[in-house]
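The residues making up each chain are set out below.
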Amino acid sequence: MTKKQDSDGRLQARLIAGLWRTLAHWRPAGLWRLSRLVGPLVQVGSRRERRVTRINLAQAYPDHSPAERRRLARRSLVHSSATMLELGLAWMGKPETVEASILEVHGRELLDEARAEGRGVIVLAPHFGNWEVLNFWLSGNFPFTAMYEPPKLAALDPIIRRGRERRGASLVPTNPRGVAALLKALKRGETVGILPDQTPSWGSGVFAPFFGRQAYTATLLPKLVARTEARVVTGVARRLPGRGFALHFLAADERVYSADETTSAAGVNACVEAAIALDPPQYQWEYKRYRKTPQQAEGSPDWKRHRLY
């Protein structure tokens, strides 16, 4: 990296952090109104997000009419904009303000029961609603450990880390050392968070169905379950537009407890689908969930023909 690139990166980080600090003083109602202004701009100006969102929605909801999927895509990009604008609140807002924005908590007994039994809890937290608000609540109510990968803009790393750790969360790297830390936390009967819907690197996953299409899915979960007998739940912070958030903890699909990695991965994807069903526009549909294909893994010479994007 050149000195100019480093300087540009620091300037960009300062501008982003300044925006977050400003928005940290906003209430959810104001942030939602701003999102409704920003979302249509993303729809018009971000060709990639618009295209990937529409492709993924066509895969997930083939029975919807094109007009219905277009409406769903527009609403999804508004919610994605809201998530980005709410980062200041989640990371830098007054704790009592963030706490007051969490208006409902459903399924907490799943966490409490597991802890009463002395079992650790693995929370599958898909990219739905505002997962940073979920992290805020979990780390304020339980000993909580989550994997963390530093952002590409290195100057933002200490800002993001401070925001995520401010309620006591322990962040560990996305490598074998981090996995070891998760195992230790679970054996102590604590709670850990895993992002179940990110595409892992080759060799760290298997293909399993997600909305009827094979998606490369991480196999970390069955390894953790096999060695700790932890309880698995799905957790999301569903946005209540203009009001705040409702937390939902859902019992996991029983297949996640299978020792067979492909079966477990299918259960993980079913958990993500169940979370999405709470309010489909709140899922981050612009993520390229199907970027890797079975044909690519097999080395098929025409694998590119099977890509969605």
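Below is a summary of the structure that appears in this document. (Residues numbered from 1 in each chain as written. Predicted model: local features only at pLDDT ≥ 70, side-chain atom pairs only at ≥ 80, totals over all residues. Heavy atoms only, no water.)

### Here's the deal with the overall build of the chain
Scanning the chain for helices and strands turns up 13 helices and nine strands. In summary, the chain has a C-alpha radius of gyration of 19 Å against a globular reference of 19 Å for 309 residues, a match within 12%. Taken along the three principal axes of its C-alpha coordinates, the chain extends 50 × 45 × 45 Å. Of all 309 residues assigned to the chain, the portion counted as buried reaches 50%. Long-range contacts, defined here as pairs at least 24 residues apart, represent 77% of the contacts in the chain between residues at least 6 apart. Here the chain displays about 14700 Å² of accessible surface, and carbon together with sulfur accounts for 52% of that area. (Helix = DSSP H or I, 4+ residues; strand = E, 2+ residues; numbered from the N terminus. Rg over C-alpha atoms; globule rule 2.2 N^0.38 Å. Buried < 20%, exposed > 50% of the residue type's maximum accessible area, 1.4 Å probe, protein only. Contact = heavy atoms within 4.5 Å. Areas by Shrake-Rupley, 256 points an atom, 1.4 Å probe, with all protein chains shown as cover.)

### Digging into the packing of aromatic side chains
With the rule as written, the count across this model stands at 12 aromatic pairs. For the pair Tyr61 and Trp285, a centre-to-centre distance of 5.9 Å together with 70 degrees between the ring planes defines the contact as edge-to-face. On the criterion of sequence distance, the pair formed by Tyr61 in the loop between helix H3 (47–60) and helix H4 (66–85) and Trp285 in the loop between helix H12 (261–276) and helix H13 (294–297) is long-range, its members being 224 residues apart. For the pair Tyr61 and Trp285, one class covers both residues: buried. Ring plane angle 50 degrees and centroid distance 4.8 Å describe the contact between Trp202 and Tyr216, whose orientation is recorded as tilted. With a gap of 14 residues between them, Trp202 in the loop between strand E5 (191–194) and strand E6 (205–210) and Tyr216 in strand E7 (residues 213–218) connect regions that are remote in the sequence. Of the residues examined, Trp202 reaches a relative accessible area of 40% and is grouped as partly exposed. Of the residues examined, Tyr216 reaches a relative accessible area of 4% and is grouped as buried. Pairwise contacts between aromatic rings join Tyr61, Phe210, Phe211, Tyr283, Trp285 and Tyr290 into one cluster. Between the NZ or CZ atom of Arg167 and the centre of the ring of Phe136, over which it lies, the distance is 4.0 Å. Directly above the ring of Phe210 sits Arg289, whose terminal nitrogen or CZ lies 5.4 Å from the centroid. (Phe/Tyr/Trp six-rings, centres within 6.5 Å; stacked < 30°, edge-to-face > 60°. Lys NZ or Arg CZ within 6 Å of the ring centre and 35° of its normal.)

### As for the packing of helix H2 (residues 28–45) against H4
Where H2 contacts H4, the axes come no closer than 7 Å and their chain directions differ by 125 degrees. Taken together, the axes of H2 and H4 are oblique relative to one another. Of the two elements, H2 crosses H4, and the hand of that crossing is right-handed. Every residue of H4 that contacts H2 at Leu31, Trp32, Leu34, Ser35, Arg36, Val38, Gly39, Pro40, Val42 and Gln43 is listed here: Ala73, Arg74, Leu77, Val78, His79, Ser81, Ala82 and Leu85. (Axes fitted to C-alpha atoms, helices over the stretch in contact; angles between N-to-C directions. Parallel < 35°, antiparallel > 145°, perpendicular 65-115°, else oblique. Left-handed = near helix turned anticlockwise from the far one by under 90°.)

### Digging into unusual backbone geometry
Its identity as a non-glycine residue notwithstanding, Phe211 has a phi of 50 degrees, on the positive side. Looking at where Phe211 falls in the secondary structure, it is placed in the loop between E6 and E7. Of note in the backbone geometry, Glu229 takes a positive phi value of approximately 55 degrees without being a glycine. With respect to the helices, strands and loops of the structure, Glu229 is situated in the loop between helix H11 (220–228) and strand E8 (231–240). When its relative accessible area of 60% is taken as the criterion, Glu229 is described as exposed.

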